[in-house]
There are 2 protein chains.
Amino acid sequence: MWPTQSPVECFARRRERLLTTLTRPCVLGSGIARVRNFEGNRFPFRAESHFLYFVGRHIEEALLCFDGARVTLFAEPPDPDHALWHGPSPSLEQLSISLGLEVRPRSEFVAPADCATLPPSDVESALWLEEMLERPVEAGNLSAVEVDNELAQQVIGLRLVHDEFAIEQMQQAANVTARAHAAGMRATRVGARESLVRAAIEAAMTESGMTPAYTSIVTVAGEVLHHNTSLNVMQAGDLLLVDAGAESVEGWASDVTRTWPVSGRFNGIQAEIYDAVLLAQQVAIAECRAGVRFRDLHRRAGRALVQALVEVGVFKGNVDSLLERGLGSVFFPHGLGHLLGLDVHDMEDLGDLAGYAPGRTRSPDVQERYLRLDRDLEPNMVVTIEPGFYCIPERLKGERFESVRSAIDPQKLELLRQVRGIRIEDDVLVTSGEARVLSAAIPKSRSELETVLDV
Amino acid sequence: MWPTQSPVECFARRRERLLTTLTRPCVLGSGIARVRNFEGNRFPFRAESHFLYFVGRHIEEALLCFDGARVTLFAEPPDPDHALWHGPSPSLEQLSISLGLEVRPRSEFVAPADCATLPPSDVESALWLEEMLERPVEAGNLSAVEVDNELAQQVIGLRLVHDEFAIEQMQQAANVTARAHAAGMRATRVGARESLVRAAIEAAMTESGMTPAYTSIVTVAGEVLHHNTSLNVMQAGDLLLVDAGAESVEGWASDVTRTWPVSGRFNGIQAEIYDAVLLAQQVAIAECRAGVRFRDLHRRAGRALVQALVEVGVFKGNVDSLLERGLGSVFFPHGLGHLLGLDVHDMEDLGDLAGYAPGRTRSPDVQERYLRLDRDLEPNMVVTIEPGFYCIPERLKGERFESVRSAIDPQKLELLRQVRGIRIEDDVLVTSGEARVLSAAIPKSRSELETVLDV
């Protein structure tokens, strides 16, 4: 059950593959631990994903340098003073053996002329890299002007389609996430705070030597898409939306959402909506295979959702015309999913370069502007499939809403407001045939959930 | 049991007190949430402590401006697009009412001429503040050149001695820490990983709506002072060192260490050392009162430790001469404690300005160079008292060690290596009489620990 690490050869192979595509030298920085409230109190160090992909270890202030046929890691040699506070660190020789990679003291690093790099995600790490490379480095997302960044494209070429070791890491993360959600379900009870469930979920991750890949969402206010506090008292009629995923030791993410009734039983309208969202997800997963365009999956899921809600009488009218009027996006305002890998939104630091195929850009259309992924799927991509249904007060008023109001059963509309938010999300490995759901072990159907919650 | 917030008047009073000491305008920034591995994936926002002290809420990208007799908070008005993802935020009017403070849109902010500020702790927040103030702002600790920073001295004047509301917040944090340590003791068992205990401890904090104030240390390798991973399997003969404290919703820290036997029973040498450390701590707490110089407490605790170890035959010789030869600092290499408040090392962002009284500076002496606090104690200061005993392999060799080796019983020395690390730390409120131990509810004596672990 305890997570394992990838073999050294896996990283050697990844580095080798990058080397063969490079036309000039490149340097990837691991970054610096983020300061919490003063310099001496930092969040646990999490290396930059591009660095982790090729090294697999969170080594602070290290530089991975690809130059000609040679790959060298430049790192700080152990400092005896540091050992008092942080324990003995391996010597650079030991590090070299355990990584299967040439390791040199960072003081020997000289930036190769004309070397490429990728922006670290925070400013302090960017300033440090700037100093190392002796040239300006901007932190944050690659901006539109950099869409021709060759190194970014080369790295995307590798990271978009996962090798067996990456998939194994994501499977391990999903397995821990399964234990975490199960612990969350067991901890749910009427009258307790959301934080009780969140504690159980995150404890299951910590116990397994992992960390949350992102700030967990554990809330009865599921209509708030990124609700990051868990202070509410859970009431009998509430649905609890839990979006929480573990990150493996090497940095690989899982990202799973379940929505379950606090009381253990869905009521009538909750059951109707839940089943519609689940159906939309099942349709999308069933059609998720190599060659399919992800945007089309998004549309099919949206259509399945509206159709299911017409069938149970929540919506009235012709499905095509309802979709055209934008009814779907009133209740399902985000995208169907995104890439998953070392980042929970994989390579989002490269803007839309990874998520959008060359030549494709975000649609200004309200139904698709939040879609983070528009590529034709390939075997061994991993994506999330996460349709949802949300009664967001701000969206259930105003001109745009009035134009679709007549399509909603007025009695149901009142009930809908009590549903708040439902989302169902799994991590899906694309193949040329049936997709493999990495998070399949987590209860999902109403009957499965009610059985687990009944215990 | 659920934590409470301080009344609005408490912050008004703090602001009023600062106003009366200011000789020129000042602006305090709340800062920006730290990026984790890409812009969209940030650690939960934790405002700068100087800002929190006067506002009590984690409001991102806000500016608290003291100008003349007027205090104004400048904040971002709610953005409807933001509401979709993050839920409705209070309007500036509502915020103003709930804070008892004038609140204006940030777009109206104009930095008062010649306004003072304090450096935010991270670079991104500093760059943001720089833009707001239209002048250079450096992140991080105040450097030595800024010891005459008047605003820092004024803020230290307030934050050094706590009001009843600050003490109440720290008491609540200590109460949650007590539950957390109890949960950790219950979770301890031979053959499990340290992470199981850490999970139980942090879950107790999360459950209570709090967060860890710093990265928890939960390890059998207690000799590594800041051991931040918890991946070892706990063995029957191990001592588990747990240094973990909760932070209240308003940002107030607790900081507590206990060391307990994984098997539930201390062995002979462990018991001897444990009792010596505990005695040293008790001596320091007993003498911890207003008027006492903290450095003297540090010395008395070090002396008590050596003396106790002479009495049980671990050390041989005259206590004074052993201390002179530096035996204490071989096994107790850090300081006795530090200020506690909104930061776990309170105001360490101001360098030694807060910890060291005017005119006092760090000693170069190896026995005192790591001492973070050298002030004469005043009523309502809160400090940690945390003596320890560590067998650090790097310190048990080399020339310096050889000069004291003859003072250690050779048979005991072998046993000592198995003890690894013991630290006992409490949060102590200074009064003019007996100190109040905020973390007194946590089992500490050997018999208390063995009783709890026996269950």
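Above this text you will find the structure in question.
Residues numbered from 1 in each chain as written. Chains lettered and ligands numbered in written order. Predicted model: local features only at pLDDT ≥ 70, side-chain atom pairs only at ≥ 80, totals over all residues. Heavy atoms only, no water.

**Quick word on unusual backbone geometry**
Residues and elements named next belong to chain A. Under the convention used in this document: A run of H or I in DSSP counts as a helix once it spans at least four residues, and a run of E counts as a strand once it spans at least two, with each numbered from the N terminus. When accessible area is computed with a 1.4 Å probe and restricted to protein chains, residues below 20% of their type maximum are described as buried, those above 50% as exposed, and intermediate ones as partly exposed.
One non-glycine residue, Met347, lies in the positive phi region at around 60°. Along the polypeptide, Met347 turns up in the loop between helix 12 (327–331) and strand 13 (382–385). By relative accessible area, Met347 is classed as buried at 0%. The residue Asn380 is not glycine, and still its phi comes out positive at about 75°. For Asn380, the location among the structural elements is in the loop between helix 12 and strand 13. Asn380 sits in the partly exposed class, given a relative accessible area of 30%.

**Re the packing of helix 7 (residues 164–187) of chain B against helix 8 (residues 194–207) of chain B**
Packed helices, taken two at a time, are described by their axes: the angle between them and the distance between them. Residue and element names in this part refer to chain B. What counts is decided by this rule: Here an angle of 0 to 180 degrees is reported between the N-to-C directions of two axes, which are lines fitted to C-alpha atoms, with helices fitted over the stretch in contact. Convention used here: angles under 35 degrees read as roughly parallel, angles over 145 as roughly antiparallel, angles from 65 to 115 as roughly perpendicular, and any remaining angle as oblique. In a left-handed crossing the near helix is turned counterclockwise from the far helix by less than a right angle, and in a right-handed crossing that turn is clockwise. Contact definition: two residues touch when any of their heavy atoms are within 4.5 Å. Under the grouping applied here, Gly and all other residues not named as nonpolar or charged are polar, the nonpolar ones being Ala, Val, Leu, Ile, Met, Phe, Trp, Tyr, Cys and Pro and the charged ones Asp, Glu, Lys and Arg.
Orientation of helix 7 relative to helix 8, taken along the N-to-C sense of each, is 150°, at an axis distance of 8 Å. In terms of orientation, helix 7 and helix 8 fall into the roughly antiparallel class. In this structure, the crossing between helix 7 and helix 8 has a hand that is right-handed. Every residue of helix 8 that contacts helix 7 at Val176, Arg179, Ala180, Ala183, Gly184 and Ala187 is listed here: Leu196, Val197, Ala200, Ile201, Ala204 and Met205. Looking at side-chain class alone, the contact of helix 7 with helix 8 contains 10 nonpolar, 1 polar and 1 charged residues.

**Some details on the side chain of His298 of chain B**
Inspection of the secondary structure puts His298 of chain B in helix 10 (residues 294–311). When residues no more than four places from it in sequence are discounted, the contact partners of His298 of chain B are Phe332, His334, Gly335, Leu336, Gln367, Glu368 and Leu371 of chain B.

**Here's the deal with helix 5 (residues 123–133) of chain A**
Where burial is concerned, most of helix 5 of chain A is hidden: 8 out of the 11 residues are buried. Among all positions in helix 5 of chain A, only Val123, Glu124, Ser125, Ala126, Trp128, Leu129, Met132 and Leu133 of chain A are buried. Buried-residue contacts for helix 5 of chain A involve strand 1 (26–29), strand 2 (35–38), strand 3 (41–42), strand 4 (63–67) and strand 7 (116–117) of chain A together with helix 5 (123–133) of chain B.

**Points about the pattern of salt bridges**
The cut-off we apply is this: Salt-bridge detection follows one rule: a side-chain nitrogen of Lys or Arg within 4 Å of a carboxyl oxygen of Asp or Glu.
This structure, assessed with the given rule, holds 66 salt bridges over all chains. With its nearest N and O atoms 3.8 Å apart, the salt bridge here joins Glu450 of chain A to Arg265 of chain A. Taken together, the residues Glu450 of chain A in helix 15 (residues 446–454) and Arg265 of chain A in the loop between strand 12 (257–261) and helix 9 (268–286) connect sequence positions 185 residues apart. Judged by relative accessible area, Arg265 of chain A falls into the partly exposed class, the value being 44%. The residue Arg46 of chain B makes a salt bridge to Glu247 of chain B at a minimum N-O spacing of 3.2 Å. Placement of the pair is Arg46 of chain B in the loop between strand 3 (41–42) and helix 2 (49–55) and Glu247 of chain B in strand 11 (residues 246–247), with a sequence separation of 201 residues. Pair check on accessibility: Arg46 of chain B and Glu247 of chain B agree, each one buried.

**Observations regarding the interface of chain A and chain B**
Quick note on the threshold: Buried area is understood as the total, over both parts, of accessible area removed when two parts are fitted together, assessed with a 1.4 Å probe. For this analysis, a polar contact is any N or O atom pair within 3.5 Å, provided that within protein one partner can donate a hydrogen and the other can accept it, and provided that sequence-adjacent residues contribute only side-chain to side-chain pairs.
The partner chain B presents 63 residues to the 63 residues of chain A that form the contact. For the pair chain A and chain B, the two sides together bury roughly 5200 Å², of which 61% comes from carbon and sulfur. Counting every contact that joins chain A to chain B gives 2 salt bridges. Taking the shortest distance from any N to any O, the salt bridge between Glu247 of chain B and Arg36 of chain A comes out at 2.9 Å. For the interface between chain A and chain B, the tally reads 18 residue pairs in polar contact (both at pLDDT 80 or more). Where the side of chain A that touches chain B is concerned, the elements lending two or more residues are strand 2, strand 3, helix 3 (80–86), helix 5, helix 8 (194–207) and strand 8 (211–212) of chain A. If one sorts the elements of the side of chain A that touches chain B by residue count, helix 8 of chain A sits on top with 8 residues.

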